[in-house]
Amino acid sequence: MHISIITVIPDLLQGPLQHSIIGRAGKRGLLEIDVVDLREYGIGKHRQVDDYAYGGGAGMVMMPGPLMACIESLQAIRSYDEIIYMAPDGRLLDQPMANRLSLKGNLMILCGHYKGIDERIRQHVVTMEVSIGNYVLSGGELAAAVLVDAVGRLLPGVMNDETSALFDSFQDGLVAPPVYTRPARFRDWEVPSVLLSGNESAIEAWRYEQALARTRQRRPTMLQDE
Ligand code: 6GU
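Each chain carries its own residue numbering, running from 1 in the direction its sequence is written. Given that the model is predicted, a residue must reach a pLDDT of at least 70 before its local features are reported, and side-chain atom pairs must reach 80 or more before they are shown or counted; all residues, however, enter totals for whole chains, interfaces and linings. Computation of side-chain values covers all heavy atoms of the structure but excludes hydrogens and water.

1. Some remarks on the site of the ligand
At step 1: Residues in close proximity to the ligand include Met86, Ala87, Pro88, Val130, Ser131, Ile132, Gly133, Tyr135, Leu137, Gly139 and Ala143, which together make up its full environment.
At step 2: Counting of polar contacts relies on pairs of N or O atoms within 3.5 Å, with two restrictions inside protein: one atom must be capable of donating a hydrogen and the other of accepting it, and residues adjacent in sequence are counted only when both atoms are side-chain atoms. A distance of 3.0 Å separates a nitrogen atom of the ligand from a polar atom in the backbone of Ile132.
At step 3: Separating a nitrogen atom of the ligand from a backbone N or O atom of Tyr135 is a distance of 2.5 Å.
At step 4: Note that accessible areas follow from Shrake-Rupley with a 1.4 Å probe, and for residues the cover is restricted to the protein chains shown. Taking 290 Å² as the accessible area of the ligand by itself, protein coverage stands at 96%.
At step 5: By definition, any uninterrupted DSSP run of H or I lasting at least four residues is a helix, any uninterrupted run of E lasting at least two residues is a strand, and each is numbered from the N terminus. Broken down by secondary-structure element, the contributors of at least two residues to the shell around the ligand are strand S5 (82-92) and strand S7 (128-131).
At step 6: Throughout this entry, Asp, Glu, Lys and Arg are counted as charged residues, while Ala, Val, Leu, Ile, Met, Phe, Trp, Tyr, Cys and Pro are counted as nonpolar. The remaining residues, Gly among them, count as polar. The residue makeup of the shell around the ligand, split by class, is 8 nonpolar, 3 polar and no charged. The cutoff for a nearby residue is simple: one of its non-hydrogen atoms must lie within 4 Å of the molecule or strand.

2. Re the pairing of strand S6 (residues 106-111)
At step 1: Burial status follows relative accessibility: with a 1.4 Å probe on protein chains alone, a residue under 20% of its type maximum counts as buried, one over 50% as exposed, and anything between as partly exposed. Burial within S6 is extensive, with 6 of its 6 residues counted as buried.
At step 2: Going residue by residue along S6, you find Asn106, Met108 and Leu110 tucked away on one face and Leu107, Ile109 and Cys111 tucked away on the opposite face as well.
At step 3: In this structure, strand S1 (residues 2-7) lies alongside S6, joined through 5 bridges in parallel fashion. The residue bridging Ile6 from the neighbouring strand is Leu110, located in S6.
At step 4: Strands are labelled as partners when DSSP assigns at least two bridges between them. Summarising the sheet, S5 and S6 pair through 5 bridges and their orientation is parallel. The partner of Ile83 across the bridge, within S6, is Met108.
At step 5: Consider the strands pointing away from the viewer: the crossover is right-handed when the path from the first strand over the helix to the second runs clockwise. One crossover worth recording links S5 to the parallel S6 by way of helix H4 (residues 95-101), and it is right-handed.

3. As for the side chain of Asn106
At step 1: Structurally, Asn106 can be placed in strand S6.
At step 2: The class for Asn106 is buried, based on a relative accessible area of 18%.
At step 3: In this structure the side chain of Asn106 is engaged in a polar contact, spanning 2.9 Å, whose partner is the backbone oxygen of Ser79.
At step 4: Residues count as neighbours in contact if any of their non-hydrogen atoms are within 4.5 Å of one another. Beyond its immediate chain neighbours, meaning those up to four positions away, Asn106 contacts His2, Arg78, Ser79, Tyr80, Asp81 and Glu82.

4. Description of the pattern of salt bridges
At step 1: Any carboxyl oxygen of Asp or Glu that lies within 4 Å of a side-chain nitrogen of Lys or Arg is treated as forming a salt bridge with it. One pass over the full model with this rule turns up 7 salt bridges.
At step 2: Of the charged contacts, one joins Asp118 and Arg120 as a salt bridge, the two residues approaching to 2.8 Å between their closest N and O atoms.
At step 3: For Arg120, a relative accessible area of 49% gives the class partly exposed.
At step 4: In this structure, the salt-bridge partner of Glu129 is Arg122, at a minimum N-O distance of 2.7 Å.
At step 5: Residue class for Arg122 comes out buried when judged on its relative accessible area of 17%.

Purely geometric numbers; function is a separate question.
This is the structure:
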């Protein structure tokens, strides 16, 4: 998979995407991430990328010209399955959306700043608008990093058996069961004995029960959605 991310703050994305599972995906050649500095397409000596909003009001708007020049220069190299705009009023990211995106070949992600991008780019160019939750971030970069992590870890070959996505919270419509490691007794706190029993079917049944109970308690709507 190839992901191109357009941003005015490339540094905000370099760090988070170089580590952990996503960093490993990059080193294995399974995920190629191209962080593109929008300012290189800015106008004039100051490489301007934003301007005042028509109709007035506080805050700047990202101009269509530099964005379009940047998008088209990327499209000259490869075609994109989706052009995603990260926006607080976009569709809420969830596991099914991450699963679907992980099946695509090339994604482009636009990170907005200030008051956002000119509406005409949203109307005519963007194919998908994504939010990571009902709160406002100062820009789309951290949200883009979250999206890339959620999608990138699902790519075939990125995870090994231990980190397998099959057992994730949400992947089977349930949150994950509790987990324990050594020691079996820590400050009088005991690990549930079934986990020490060696009885695999009993352990599996216990985990399922726990996941179901937790889902009921913490995410009741996940059970109603079915
Ligand atoms: Cl995608 N962008 C911004 N600026 N804020 C957000 C968001 C995105 N998702 C939740 N809050």
